[in-house]
Structures are given as structure tokens and as C-alpha cells.
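Listed here are the chains, written in short residue letters.
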Amino acid sequence: MFSTAEVGIDLGTANILIYTKSKGIVLNEPSVVAIDVNTKQVVAVGTEAKEMVGKTPQNIIPIRPLKDGVIADYDVTSQMLKAFLKKVSKQIGMSMRKPVVVVCTPSGSTTVERRAIHNAVSSYGAKQVHLIEEPIAAAIGADLPVDEPVANVVVDIGGGTSEVGIISFGGVVSCNSVRVGGDKMDEEIIHHIRKNYNILIGERTAENIKMEIGYAHQNHKEETMEIRGRDMVTGLPKTITITSKEVYLALKESLEQVLGAIRTTLENCPPELSGDIVDHGIVLTGGGALLQGMQEWLSHELIVPVHLAPNPLESVAIGTGRSLKMIHKLQKATK
């Protein structure tokens, strides 16, 4: 079995990460594909395609084939996966013929959505495809003792979804998934600036604003940032200055939804495991975990310790790869 290439894939809405047993994480690129609409050919994938967003001629369209953590465009996703796996096999100098693949799926995904992910990976010629729930992958990647009888609470705030899971004995005890993540937060910032300043900004600018002056906690030292966009009245470029307090107000609703999902999950937790949560707290993974003030805000709202995973952006991919050796045990636990 170990002579076959073993691959873990974090099929994220914002980024795709590929983990191999021998080399660790070998690919981390945006889930974007640029397609020529006339020929239907893939022009670019990953970082190269993301750099084209908002800057392409009419015949080339950058597409994000994954939405809310699941496949929105099956054909484009298949082409993107093939391109990435070819790139990985060249990079590590290892044949990717008939690999054993583990892919993570959102805990709230439907049977149809899971089948689409399974088929997209199988179409590359995978020998076996295993699906693992995102909270379990995130917990394994964050070095939590998932196969022990203690409550491991993971909050994975990704691009399309936020996943909350309580894991014990290798299985999910209670979980919740909301279709709110980094993308929704970017949309809220775009909407806020359009509504208050009559200025249109792109997704990349919104993402930069969130990363630079985005805060989860209301009590922070106010910061400002100069941004450029298109004036919707004159149609001309315009520069304005926005504050971190404004960005906080724009993000507030999305953050409240994530908090609501965590509260619901904790309410459904068996009483025996609640004591563990008070002792061990909650672990944050995913890109959204890096929003400034996120740990302090959640800790204040939930009155339990909140920790950041050692490598929040890569936790799910690492856990997906590591789960290869645990897969049979996990399957027994989740049946």
C-alpha cells in the first residue's frame, strides 16, 4: 500500500492544499481557474489565475469553481485538480498514477455534494478516494488527541464555510456548519463601502482591508487605511480613507453567525464532555482564525479558553494527509 502515492487534499473555497506522506505540504494555491470562453480551454490555474482577477480581457474569465466548500462547477474543478496533481508530480518527482487520496468535505455537505467531490478526484485515476469531515481533519492537523475519550473542539473558519466540531474517540459528537467565511466577510466590506461612499472596490482590495485593519473585537486601537476604487457617480478612480471601526461594523454580522454556530454546537454537547471543554478550551484553524482579535473576542463571548492551532492555514491539509493511517479507525467510529 505504501508504494502507492498517498495524497491528502484540502479542497478549500479560497485555497487548495495538497499534502503527500513523504514531503508534507507540496502545494498551496488559490482555487481559481482562468478559462477562455471561446475555446473552453484552461488558460491558468492557482496563483497565476488569481492575479488575473479583475484584469482580464472579455474572452478570459477567472472562475472559482468551489463555493461554500463544495463543488459549484464540476468540469472546471476536475480540470483544476488534474492541473494541480500534474504540477505536484513534477515538483516532487514522483508518479501520481493511481494515488490513494483523502479529501475533506464540509460537515454540512449533502450526499450529492460529496459524490461530486468523490467523482472529481476519481476522474484523475485515483486508486481509492476517502472522504473525511473537515472538523476531524482540522483536529488531526492541529495535533489534538482525536482518538482519546476527551472533547476536542475545533472551529475551522475557511473561505466559504465555518465548521465547528466536537470530536471524541475518533468521531464527531456534535457539529455545525454555517456558510459564512472569509468570502462572505469580503462581500460585507465591499457592500459597506459601496453603501457609505458610493465607491466600488474589488474582491482583492476587500481582502486586503480585512487582513490589514479587520478586527473581531470592538475594543481596539483605531487604525486607518487608504483605499482606491471607482466612484459610482462619476465613474472615475477615487481614493478614500476608511477606519478599522467601520470594518469591524461591516464584519460584525458574519462574526455573530460564526459565534451562533459555536454556541449551538456546545449546547448539543453531552454533559460528560462539557467539563473537558472548560479545561481544554477551543482550537481555531483556517484563515479566518487569523483575523485580529479573534481569540480574545471568542474567549470573552464563550467564557472558555481559545487557542490558535500551530499552523491554522494548513491544519486541514495536514490532518487530511495524516488521516491516511487512521482512516480505517475513523471509518469504524463514524459508521
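Residues numbered from 1 in each chain as written. Predicted model: local features only at pLDDT ≥ 70, side-chain atom pairs only at ≥ 80, totals over all residues. Heavy atoms only, no water.

Caption draft 1: Up close: the sheet that holds strand E10 (residues 128–133). Taking strand neighbours across the sheet as the criterion, the five strands line up as E3-E2-E1-E9-E10 in an open arrangement whose pairing is mixed. Lying at the two open borders of the sheet, with one neighbouring strand each, are strand E3 (24–30) and E10. Direction aside, neighbouring strands of the sheet carry axes that sit 20 degrees apart on average. Across the face of the sheet, helix H4 (residues 134–141) comes into contact with strand E9 (100–105) and E10 while running at roughly 85 degrees to E10. (Pairing = 2+ DSSP bridges. Helix = DSSP H or I, 4+ residues; strand = E, 2+ residues; numbered from the N terminus. Axes fitted to C-alpha atoms, helices over the stretch in contact; angles between N-to-C directions. Contact = heavy atoms within 4.5 Å.)

Caption draft 2: Expanded view of the environment of Asn198. Mapped onto the secondary structure, Asn198 falls in the loop between helix H5 (182–197) and strand E14 (199–200). Placed 35 residues apart in sequence, Asn198 and Val233 show a C-alpha to C-alpha distance of 7.2 Å.

Caption draft 3: Structural detail: the domain arrangement of the chain. According to the domain assignment, the chain consists of domain 1 (6–137 + 315–334), domain 2 (143–180 + 256–310) and domain 3 (182–250). Computed over C-alpha atoms only, the centres of domain 1 and domain 3 are separated by 31 Å. Across the boundary between the two partners, domain 1 contributes five residues, which contact four residues of domain 3. Buried area between domain 1 and domain 3, summed over both chains or domains, comes out near 430 Å², and the portion from carbon and sulfur atoms is 35%. Counting the surface domain 1 buries against domain 3, the share from its top three residues, Lys50, Val53 and Arg64, is 70%. Across the domain 1-domain 3 interface, the total number found is two residue pairs in polar contact (both at pLDDT 80 or more). Of the residues belonging to the side of domain 1 that touches domain 3, the class tally is no nonpolar, one polar and four charged. (Domains from an automatic or database assignment. Buried area = accessible area lost by both parts, 1.4 Å probe. Polar contact = N/O pair within 3.5 Å; in protein donor to acceptor, adjacent residues only side chain to side chain. Nonpolar A, V, L, I, M, F, W, Y, C, P; charged D, E, K, R; others polar.)

Caption draft 4: Looking closely at the environment of Arg194. Here Arg194 shows up in helix H5. Residue class for Arg194 comes out partly exposed when judged on its relative accessible area of 34%. Along the backbone, Arg194 and Gly229 are 35 residues apart, and their C-alpha atoms lie at a distance of 9.7 Å. Leaving out residues up to four positions away in the same chain, Arg194 has contacts with Ile199, Leu200 and Met232. (Buried < 20%, exposed > 50% of the residue type's maximum accessible area, 1.4 Å probe, protein only.)

Caption draft 5: Highlighting H4. With eight of eight residues buried, H4 is to be regarded as a mostly interior element. Those residues of H4 that fall on the buried side of the exposure criterion are Glu134, Pro135, Ile136, Ala137, Ala138, Ala139, Ile140 and Gly141. Positioned one or two residues after H4, Asp143 has a phi angle of 65 degrees, which is positive.

Caption draft 6: Expanded view of the side chain of Ser168. Assignment of secondary structure puts Ser168 in strand E12 (residues 162–168). Apart from the residues within four sequence positions on either side, Ser168 is in contact with Val146, Glu148, Pro149, Val150, Val173 and Leu273.

Caption draft 7: Fine view of a nonpolar patch on the surface. Side chains of Leu290, Leu308 and Leu313 sit close together on the surface and give an oily, nonpolar patch of about 250 Å² of accessible area. On the secondary structure map, Leu313 appears in the loop between strand E18 (306–308) and helix H10 (315–322). For Leu313, a relative accessible area of 47% corresponds to the partly exposed category. (Patch = residues over 30% accessible without salt bridge, like charges linked within 9 Å, V, L, I, M, F, W, Y side chains within 5 Å. Areas by Shrake-Rupley, 256 points an atom, 1.4 Å probe, with all protein chains shown as cover. Salt bridge = Lys/Arg side-chain N within 4 Å of Asp/Glu carboxyl O.)

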